[in-house]
Amino acid sequence: LLIIKFMFKKNKLLKIKLIKYLNTPPEINLWNIFDIEHSHHVHKKRKYGDGMELTQILIENKNFCLAIDEQKMPIFSFIKRKSLMFQYVDSDKSIYQWSYFWGTPIAQKFSVTSDKNGSYRHVIQYAFELSGVMVFFSKLIELMAKKWMENTWHEDAAMKKRYFKFLNHGFKNMQGLP
């Protein structure tokens, strides 16, 4: 009984970081994250049934977006969660996202910096503020979040490379494509 009482009083900040390298600059990362409509098409159906549903954009401009996001859980894909998601672009083209997952606040940061050999270092950071019973599930949440981050990275990498290739060939906002 004491363990259960302690578990409900103790909070935990769970931080997760993913670092990847890709030949795409910060502008491409910005485009990818603010292309909210792509989530439903690119991240809809994954191996374990998890993925993104259609996102409803409530308000947006060039520096922020407020939307209602819907995701399906891995394995238990019949479980969906909706969350109010706020995205903001900083002056260095870092993107911040705030949302909730079953009452758990989540902060995310996506940043890109130049690396040697013309490559770019992409850093994705998640922070979950766990409380109550969620503290008990922190290892499972960490495992699932890391898998989610990896899957999303791989699904988006092909799009980022393709879009950057189009821009390098002189296409602007996909004008001139068949």
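Everything in this summary refers to the structure shown in the same document. (Residues numbered from 1 in each chain as written. Predicted model: local features only at pLDDT ≥ 70, side-chain atom pairs only at ≥ 80, totals over all residues. Heavy atoms only, no water.)

1. A few points about the nonpolar core
As a reminder, the rule being used: Residues enter a nonpolar core if they are buried and are Ala, Val, Leu, Ile, Met, Phe, Trp, Tyr or Cys, with the set joined through side-chain atoms within 4.5 Å. Accessible area is worked out with a 1.4 Å probe on protein chains only. A residue is then buried under 20% of its type maximum, exposed over 50%, and partly exposed in between. Runs of E in the DSSP output that reach at least two residues are strands. Runs of H or I that reach at least four are helices, and both are numbered from the N terminus. In what follows, a contact means two residues having at least one pair of non-hydrogen atoms within 4.5 Å.
Of all hydrophobic cores here, the largest spans 27 residues; its most connected members are Ile16, Phe34, Ile95, Ile124, Tyr126, Phe128 and Leu130. Contributions of two or more residues to this core are made by β1 (12-22), α2 (26-34), β4 (64-72), β6 (95-101), β7 (104-114), β8 (120-130), α4 (133-136) and α5 (138-168). At six residues, α5 tops the list of elements feeding residues into this core. If we ignore the near neighbours within four places in the chain, the residues touching Ile95 are Asn29, Leu30, Ile33, Phe34, Tyr88, Val89, Gln108, Lys109 and Phe110.

2. Topic: unusual backbone geometry
You will see that Lys93, though not glycine, has its phi angle at about 70 degrees, which is positive. Tracing the chain through its elements places Lys93 in the loop between β5 (80-89) and β6. A relative accessible area of 31% means that Lys93 is categorised as partly exposed.

3. What about the side chain of Lys160?
Just so we agree on the cut-off: When charges are counted, neither His nor the chain ends are considered; positive counts come from Lys and Arg and negative counts from Asp and Glu. Any Lys or Arg side-chain nitrogen found within 4 Å of a carboxyl oxygen on Asp or Glu counts as a salt bridge.
The residue Lys160 is located in helix α5 in this model. The side chain of Lys160 is buried and forms no salt bridge, while Asp156, the nearest opposite charge, is found at 5.4 Å. Setting aside its immediate chain neighbours within four residues, Lys160 contacts Leu22, Thr24, Ile28, Asn29, Trp31, Asn32, His122 and Trp153.

4. Details of the packing of aromatic side chains
What counts here: The pairing test for Phe, Tyr and Trp rings, Trp by its six-membered ring, is centres within 6.5 Å, and the orientation test on the planes gives stacked under 30 degrees, edge-to-face over 60, and tilted for anything in between.
Inspection of every chain in the model, using the stated rule, returns five aromatic pairs. On the numbers, 5.7 Å between centres and 25 degrees between planes, the contact of Phe86 with Trp98 is stacked. Within this pair, whereas Phe86 is found in strand β5, its partner Trp98 is found in strand β6, the two being separated by 12 residues in sequence. For Trp98, a relative accessible area of 39% translates into the label partly exposed. Ring geometry for Phe136 and Phe137: centres 5.2 Å apart, planes at 80 degrees, overall edge-to-face. Looking at Phe137, the relative accessible area reads 36%, which means it is partly exposed. An aromatic cluster is present here, built from Phe64, Phe86, Tyr96 and Trp98 joined pairwise through their rings.

These figures capture arrangement, not role.
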